[in-house]
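Each chain, letter by letter, is given below.
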Amino acid sequence: MLSSLAQQIINISINAEWQAIAIQSLHTAYDRKYKKYLGKEVMQFSTFGEKFNRYSGITQLMDDLNDGLRTPGAIMLGGGNPAAIPAMLEYFHQASASMLANGELVASMANYDGPQGKNVFISALASMLKETYGWDVSEKNISLTNGSQSGFFYLFNLFAGQHADGSHKKILLPLAPEYIGYGDAGIDDDIFVSYHPEIEMLDNRMFKYHVDFEQLKVDESIAAICASRPTNPTGNVLTDEEVRKLDKLARDNNIPLIIDNAYGTPFPNIIFEDVTPFWNDNTILCMSMSKLGLPGLRCGIVIANEEVTQALANMNGIISLAPGSLGPALGKHMIESGDLLDLSQNTIKPFYQQKSQRAVQLLQDAIDDPRFRIHKPEGAIFLWLWFDELPITTMELYQRLKDRGVLIVPGEYFFIGQKDEWDHAHQCLRMNYVQDDEAMQKGIAVIAEEIKKAYDGK
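Residues numbered from 1 in each chain as written. Predicted model: local features only at pLDDT ≥ 70, side-chain atom pairs only at ≥ 80, totals over all residues. Heavy atoms only, no water.

As annotated in an unreviewed UniProt entry, the protein chain carries the name COG3977 Alanine-alpha-ketoisovalerate (Or valine-pyruvate) aminotransferase and comes from uncultured bacterium B3TF_MPn_8.

Below is the structure:
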């Protein structure tokens, strides 16, 4: 028999689907004590297995993305799939044909690379960064991973968690909300600490987050500082001054600064503010080929000092032998042809900037309630919507919208590493703006209707 507390959890679940998940999870936890599940003997997983067998926020997001792509009529305003930019698709078609003709495409599929990643791509990238920005980088400063998600799993567990001296160290997220995919990436639990941002109110029902440096506390329990730029989910871009302050804070405490640059400059350059690309030997800069329009190639890039590069290569060798080769082969082609930075600046950036402006206009036209605000869109492929004084949580709003075929991501998942309850965390949601205009209009109309119902107490 389930405890009364467990039964209360089930009773307050949003709907039958979530009740079923709650019941299954609670029964699993209850019956594992007796090595039984639904009357059968069950496998006994390790601590690692139990932790990563959980249904997490990032798993829900990817399930929604997969289900939505297979559901006729679903309006996908939730996941992080990049836009199918016609000019980029045509470029990838032509580049692949060229690589097929000269043998590079098949060669990349028929051979292992080393655990650090494809050396010719790494060499070309290091040269480009050194020549373009003057960074003191070489092949020894770059390692590849099977997507950025894998890279962050490696990095967080390289620095945070249980240490040999018995201490437990954490990753400091100086500004939350932060990327949903970080939340469950620690082998050990409780490896993040974060702080509320300062909120600057702007004209036209917009706002912007800033790092509250007065709050930040760095002591011996902090192993590294990590921030995304632009930020997923909010589209916030740390200013050059904020980055310099975080760099100084990291250096003063002899810890690295990790910058998640998946959407940032110099590529794919989905960033609408005038900022300076940043790297030094205490910075771990994480990049990706996904938002160029190539998420299926799973190619993450980590630029760091030689010690970190070697550690990541060693981890690759143990966990996956080597990173995939297709992404780096195409990346080498793009660099050597001079197309990578040009396409990022002149094709990808203007496409997303126009899309974000159009989505803001649609939202502001559809929702006239003064309690509704949009985070200033400064980059990435999302808008961050704030419904102040919302009488329901955005988790409940998510379910209402999902029932009507509109997929968004509730804001609760993004406030990682915070111990206190904050109403603001239950009033925000993330909306992907890359869909075509018709789909966005339909989805935003449904959001507007459900928001009005919620504010009206329905």
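A. A look at the overall build of the protein chain. The helix and strand tally for the protein chain stands at 14 helices and 18 strands. When contacts within the protein chain are restricted to residue pairs at least 6 apart in sequence, long-range pairs at least 24 apart make up 73% of them. Entry remark: accessible area of the protein chain is about 20,700 Å², with carbon and sulfur atoms responsible for 51%. (Helix = DSSP H or I, 4+ residues; strand = E, 2+ residues; numbered from the N terminus. Contact = heavy atoms within 4.5 Å. Areas by Shrake-Rupley, 256 points an atom, 1.4 Å probe, with all protein chains shown as cover.)

B. Expanded view of the packing of helix 12 (residues 340-366) against helix 14 (residues 437-455). Packing of helix 12 against helix 14 brings their axes to within 10 Å, and their N-to-C directions diverge by 35°. By crossing handedness, the relation of helix 12 to helix 14 is classed as right-handed. For the pair helix 12 and helix 14, contact is made by Lys355, Arg358, Ala359, Leu362, Leu363 and Ala366 and by Asp437, Met440, Gln441, Ile444 and Ala448, respectively. Grouping the amino acids of the contact of helix 12 with helix 14 by side-chain chemistry returns 7 nonpolar, 1 polar and 3 charged. (Axes fitted to C-alpha atoms, helices over the stretch in contact; angles between N-to-C directions. Left-handed = near helix turned anticlockwise from the far one by under 90°. Nonpolar A, V, L, I, M, F, W, Y, C, P; charged D, E, K, R; others polar.)

C. Structural context of the packing of aromatic side chains. According to the stated counting rule, one finds 17 aromatic pairs in the structure shown. Ring centres 5.2 Å apart and planes at 90° place the aromatic pair Phe156 and Phe192 in the edge-to-face group. Residue Phe156 is located in helix 8 (residues 148-159), and its partner Phe192 is located in strand 7 (residues 192-194); the two are separated by 36 residues in the primary sequence. Geometrically, the ring pair formed by Tyr179 and Tyr182 is edge-to-face, given 5.2 Å between the ring centres and 90° between the ring planes. Here Tyr179 falls in the buried class, since its relative accessible area comes to 18%. Assessed through its relative accessible area of 1%, Tyr182 is described here as buried. Taken together through their ring pairs, the aromatic side chains of Phe152, Phe156, Tyr179, Tyr182 and Phe192 make up a single cluster. Above the ring of Tyr455, the side-chain terminus of Arg371 is found at 3.8 Å from the ring centroid. We note Arg430 situated over the ring of Phe382; from NZ or CZ to the ring centre the distance is 3.8 Å. (Phe/Tyr/Trp six-rings, centres within 6.5 Å; stacked < 30°, edge-to-face > 60°. Buried < 20%, exposed > 50% of the residue type's maximum accessible area, 1.4 Å probe, protein only. Lys NZ or Arg CZ within 6 Å of the ring centre and 35° of its normal.)

D. The arrangement of the side chain of Ser344 in detail. For Ser344, the position within the fold is in helix 12. Once you skip the residues sitting within four places of it in the chain, Ser344 turns out to touch Pro266, Phe267, Pro268, Asn269, Leu292 and Lys349.

E. Molecular detail of the pairing of strand 15 (residues 382-387). Burial of strand 15 is extensive: 6 of the 6 residues sit out of reach of the surface. Across 3 bridges, strand 14 (residues 372-375) lies against strand 15 in antiparallel orientation. Its bridge partner lying in strand 15, Ile374 is registered against Leu385. In this antiparallel pair of consecutive strands, strand 14 and strand 15, the connection spans 6 residues, and Ala380 shows a positive phi of 65°. (Pairing = 2+ DSSP bridges.)

F. View of the pattern of salt bridges. Counted by the stated rule, this structure contains 22 salt bridges. The closest approach of N and O atoms between Lys248 and Asp252, which form a salt bridge, is 2.8 Å. Taken together, the residues span about one helical turn, with Lys248 and Asp252 both in helix 9 (residues 240-252) at a distance of 4 residues. For the pair Lys248 and Asp252, a shared accessibility class is recorded, and that class is exposed. Ionic pairing is found between Asp456 and Lys452, a salt bridge with its closest N-O pair at 2.9 Å. (Salt bridge = Lys/Arg side-chain N within 4 Å of Asp/Glu carboxyl O.)

G. The confidence of the model for the protein chain, seen in detail. Model confidence for the protein chain is summarised by a mean pLDDT of 89, while 87% of its residues fall at 70 or above. Between residues 1-35, whose pLDDT stays under 50, and residues either more than four places distant or in other chains, the model counts 40 contacts. (pLDDT = per-residue confidence, 0-100.)

H. Here's a closer look at empty space enclosed by the protein. Taken as a whole and judged by the stated rule, the model has 3 cavities of 30 Å³ or more. Taken as a whole, the second largest cavity holds about 60 Å³ of empty space. Surrounding the second largest cavity, Trp135, Arg229, Ile259, Asn261, Thr265, Thr276, Pro277, Phe278 and Leu285 form its lining. Each residue belonging to the lining of the second largest cavity can be placed in one class, and the counts come to 5 nonpolar, 3 polar and 1 charged. (1 Å grid on protein atoms, 1.4 Å probe; cavity = no way out; pocket = protein on both sides within 12 Å on 5 of 7 lines; lining within 4 Å. Points joined across faces, edges and corners; volume = space filled by probe spheres on them.)

I. Looking closely at the packing of helix 5 (residues 86-102) against helix 12. One can describe the packing of helix 5 onto helix 12 by two numbers: an axis separation of 9 Å at closest approach and a directional angle of 140°. It follows that helix 5 is oblique to helix 12 by the angle criterion. On the side of helix 5, the interface is formed by Ala87, Met88 and Tyr91, while helix 12 contributes Leu343, Thr347 and Ile348. Residue composition of the contact of helix 5 with helix 12, grouped by class: 5 nonpolar, 1 polar and no charged. (Parallel < 35°, antiparallel > 145°, perpendicular 65-115°, else oblique.)

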